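Secondary and tertiary structure notes
Each chain, letter by letter, is given below.
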Amino acid sequence: MLNRWNDVDAREYLSRHDNRLDGTDDDLLMMACATTLLGADNDLTMHGGGNTSVKKIIAGDSGDGRRALYVKASGTSLDLFTPDCFVAMDLDFLEGLRGGGWVDDETMAREFRSHQLIHSDRLPSIESLMHAFIPAKFVAHTHPAAILKIVNRAGGRDLLKECFGDDLAVIPYTRMGYDLALASSEAARLNAGCRGVVIAHHGLVVWGDEVRAVYDLTIDLINRAEEFLSAKVIRSVAPGPAVSAEVSAKSYELAAPLIRECLSQASRGIDGSGAGIPVDKVALALLNTPDMLELINSPDGRDIISDPPMTPDYPMLTRILPLWLDEANLSFMASIDTFVHDYRVYLDSQGAVNVTAAEQLPQVVIIPSAGAVCFGASEAAARRTADFARQAFSIRRAIFETGGEYESLPERHLFDMQYRGYQQAKKGGG
Ligand SMILES: [Zn+2]
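1. Here's the deal with unusual backbone geometry
Of note in this structure, His201 is not a glycine but carries a positive phi near 60 degrees. Along the chain, His201 falls in the loop between strand S6 (196-199) and strand S7 (203-208).

Below you can see the structure in the form of C-alpha cells.
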C-alpha cells in the first residue's frame, strides 16, 4: 500500500486551513490531513468506515484549560474529511464513563451531545469512547482489507501472531460502543509495548504521539500484512469459463432493464401502499473487472462469494447474501421474490421493524456472464454497494488462496449492527 504522506502537501494543507475553527491548531489540522490520506485507499477505509482523533487542551469559558477529545463525526467519509468534521468533547467526562459500567446507545448519544466543548450539530462516532479510553494523543482506526484477510479465518489469531508477533494485540469481535472501548483499551494496557490492537471481524486501531508516526505505522502494518499473505499463497481459484469485458457488457445490457423492472415490482409488493420504487429510480452498478469475472465464473466462486459478511460494514450495503442468477435459474422475478421472502423470514426471526422496501431487496445480483450487478437507491449508493462487494469478494478469495477457512461474523452480530439505531446514522457513511 502506498504511503501517501508528503511534507509539502501537509504544509500546504496547514496553510489552507489555518485558524478556520475555534480550537484549531497544527496538531488538529495535521490529523485532519492524515485522515484524508487514510481515506484515500478503499482497502484501508471506505464510505464512512474508520475514524481518527486528537486529544488536546482548549480554553474553557473561564479561561481555564479543558481536556478535549476531537473525534470524527459519524457518517463522514475519511477521504472527504475536513477539520470541521471533528467534534470536540469533554475528555475528562468521557474517561469518567470507563468506571461507571455499561452505557447503552441512547445514553451514549445523549451524553455525547451534552458534553461537547464546541457546539456541533454532528453526532460523534459510535467509536468515540474507544478513542477516549486509549491514552494517546493521536489515535487512528481503520478497516484494512489486509488485516481482515489474516484474522477473519479459522486460526486467524494465531496467524496474526505469526505475522506481527507482539506488535499487535488482538481481541475478539466486540460490539461497538462502550464494550469495544473497554476491550480495546484493556488490550492495549495489558500488552505493554504493542503498537496497535486488531479487532477481529472489524479492523485496526493504532496510536502515537505524532501524527506522521501514526499514519506511517498504519501503512507499515498493512504492508507487512500484504507481504506476509503473498508468501502464503498456495493455490488459485479453479479456472472456469472465460468471460470478456465485451461479453459482460452485452449480457448486462440485456439483463439490466429486466432487473430494474423486477426490483421495482418486488418493492411494490413489499411496500404496503403499493408505491414501491419506480423503475427509473432503481440504480444499478456493474462489477465486472477481470478478477471479479474470473472469480464469479470459477467453480470455486459461488462457495467463496456466498458466505455471510465478515464485518458489520458489509451487510448494510450488500445484505447477508447475494442473489445468484445463472443459466439454471434465470427467472429473475421468481428468484427475487424468493430472496425477498427469505429475507423477510430473517428479519422476522430477529424482530426487525420499519425496514424499508429498498432494504429488503437483494443488493448484489450475480449473473456469471455479466458480473455482479449492484443495486442502490441512487447511483452513488449502487457504486458504494459495488465497492463493498468487490472488497468482500477479494478478501474471501485471498483467504481461499492462502489455504484458509473463511469465518463470517455470526448472524446475531450482523443483525445487531445493521439495524442498530445509532449505526443507522452511518449509512452512507464509524
Ligand atoms: Zn470501525
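Now that the structure has been shown, we can carry on.
2. A few points about the domain arrangement of the chain
Partitioning the chain into domains gives domain 1 (7-230) and domain 2 (245-424). Of all the elements in the fold, those that place two or more residues in the side of domain 1 that touches domain 2 are helix H4 (105-114) and helix H6 (145-151). Per-element accounting of the side of domain 1 that touches domain 2 gives the leading share, three residues, to H6. A breakdown of the residues in the side of domain 1 that touches domain 2 according to their chemical character gives eight nonpolar, eight polar and five charged.

3. Notes on the pairing of strand S1 (residues 51-59)
Alignment of S1 against strand S4 (residues 138-142), held across four bridges, turns out to be antiparallel. Pairing of Val54 across the sheet is with Phe138, part of S4. Note that S1 and strand S2 (residues 65-72) share seven bridges and pair antiparallel. Bridge pairing in S2 places Ile57 opposite Arg67. The antiparallel pairing of S1 with S2 creates a hairpin that spans five residues between the two strands, and Gly63 there sits at a positive phi of about 85 degrees.

4. Describing the nonpolar core
In this structure, Met89, Val198, Val373 and Cys374 are the most contacted members of the largest nonpolar core, which totals 121 residues. Examining the composition of this core, we find that 11 residues originate from one element, helix H16 (residues 379-401), more than from any other. Formed jointly, this core draws a minimum of three residues from each of two domains, domain 1 (7-230) and domain 2 (245-424). Dropping the residues within four chain positions of it, Cys374 is found in contact with Leu284, Ala285, Leu287, Gln363, Val364, Ala382, Thr385, Ala386 and Ala389.

5. Considering the sheet that holds S7
In spatial order, the strands read S3-S2-S1-S4-S7-S6-S5; together these seven strands make up an open sheet with mixed pairing. Pairing within the sheet leaves two strands with one partner each, and these edge strands are strand S3 (86-90) and strand S5 (168-171). Geometrically, the sheet is characterised by an average inter-axis angle of 25 degrees between neighbouring strands, direction not taken into account. Bridge analysis of S4 against S7 gives five bridges, and the strand direction is antiparallel. Paired with His141 across the bridge in S7 is Val205. Packed on one face of the sheet, helix H2 (residues 26-38) meets S1, S2, S3 and S4 and runs near 175 degrees to S1.

6. Focus on the sheet that holds strand S10 (residues 364-367)
Within the open sheet, the four strands sit side by side as S8-S11-S10-S9. Their pairing is mixed. The two strands at the open ends of the sheet, each matched to only one other strand, are strand S8 (283-287) and strand S9 (323-324). Relative to strand S11 (residues 371-376), S8 runs antiparallel, the two sharing five bridges. Each bridged residue has a counterpart across the sheet, and for Leu287 the counterpart in S11 is Ala372. Seen against the sheet, helix H11 (residues 290-297) touches S8, S10 and S11 and runs at an angle of roughly 105 degrees to S11.

7. Here's the deal with helix H7 (residues 156-164)
Turning to H7, its buried residues number three or more, namely Gly156, Leu160, Cys163 and Phe164. Each buried residue of H7 lies within a common arc of 75 degrees when the element is viewed along its axis, so the set occupies one face. Seen from the buried face of H7, the exposed residues on the opposite side, beyond 90 degrees, are Asp158 and Glu162. Elements that come into contact with the buried residues of H7 comprise H6, S5, S6 and helix H9 (211-230).

8. Looking at the pairing of S10
A two-sided burial pattern is seen for S10, the buried positions comprising Val364 and Ile366 on one face and Val365 and Ile367 on the other. As paired strands, S9 and S10 are joined by two bridges and run parallel to one another. By the bridge assignment, Trp324 is partnered in S10 with Ile366. Relative to S11, S10 runs antiparallel, the two sharing four bridges. Paired with Ile367 across the strands is Gly371, a residue of S11. Turn length for the S10-S11 hairpin, with the two strands adjacent in sequence and antiparallel, is three residues.

9. Describing the packing of helix H10 (residues 245-270) against helix H14 (residues 332-349)
The geometry of H10 relative to H14 is characterised by a closest axis approach of 10 Å and an angle of 40 degrees between their N-to-C directions. Viewed along their axes, H10 and H14 adopt a mutual orientation that is oblique. For the pair H10 and H14, the sense of crossing is right-handed. Across the interface between the two elements, Leu258, Ile259, Cys262, Leu263, Gln265, Ala266 and Ile270 of H10 pack against Phe332, Met333, Ile336, Asp337 and Val340 of H14. In the contact of H10 with H14, the residues fall into 10 nonpolar, one polar and one charged.

10. A look at the environment of His143
The topology assignment puts His143 in the loop between S4 and H6. Note on His143: 21 C-beta atoms within 10 Å, which makes it buried. Distance from His143 to Leu204, taken between C-alpha atoms, is 6.1 Å for residues 61 residues apart in sequence. Setting aside anything within four residues of it in sequence, one finds His143 in contact with Thr45, Gly49, Gly50, His202, Gly203, Thr311 and Asp313.

11. Some thoughts on the packing of helix H1 (residues 7-16) against H2
Helix-helix packing: each pair is described by the crossing angle between the helix axes and the interaxial distance. Running from amino to carboxyl end, H1 crosses H2 at an angle of 125 degrees, the nearest separation of the two axes being 9 Å. Between H1 and H2, the crossing angle belongs to the class labelled oblique. Handedness of the H1/H2 crossing: right-handed. For the pair H1 and H2, contact is made by Ala10, Tyr13 and Leu14 and by Asp26, Leu29, Met30 and Cys33, respectively. Grouping the constituent residues of the contact of H1 with H2 by class yields six nonpolar, no polar and one charged.

Rules and cut-offs
Residues numbered from 1 in each chain as written. Predicted model: local features only at pLDDT ≥ 70, side-chain atom pairs only at ≥ 80, totals over all residues. Helix = DSSP H or I, 4+ residues; strand = E, 2+ residues; numbered from the N terminus. Domains from an automatic or database assignment. Nonpolar A, V, L, I, M, F, W, Y, C, P; charged D, E, K, R; others polar. Pairing = 2+ DSSP bridges. Core = buried A, V, L, I, M, F, W, Y, C linked by C-beta atoms within 7 Å. Buried ≥ 20, exposed ≤ 12 C-beta atoms within 10 Å, placed from the backbone. Contact = placed C-beta atoms within 7 Å. Axes fitted to C-alpha atoms, helices over the stretch in contact; angles between N-to-C directions. Arc of directions from axis to C-beta. Parallel < 35°, antiparallel > 145°, perpendicular 65-115°, else oblique. Left-handed = near helix turned anticlockwise from the far one by under 90°.

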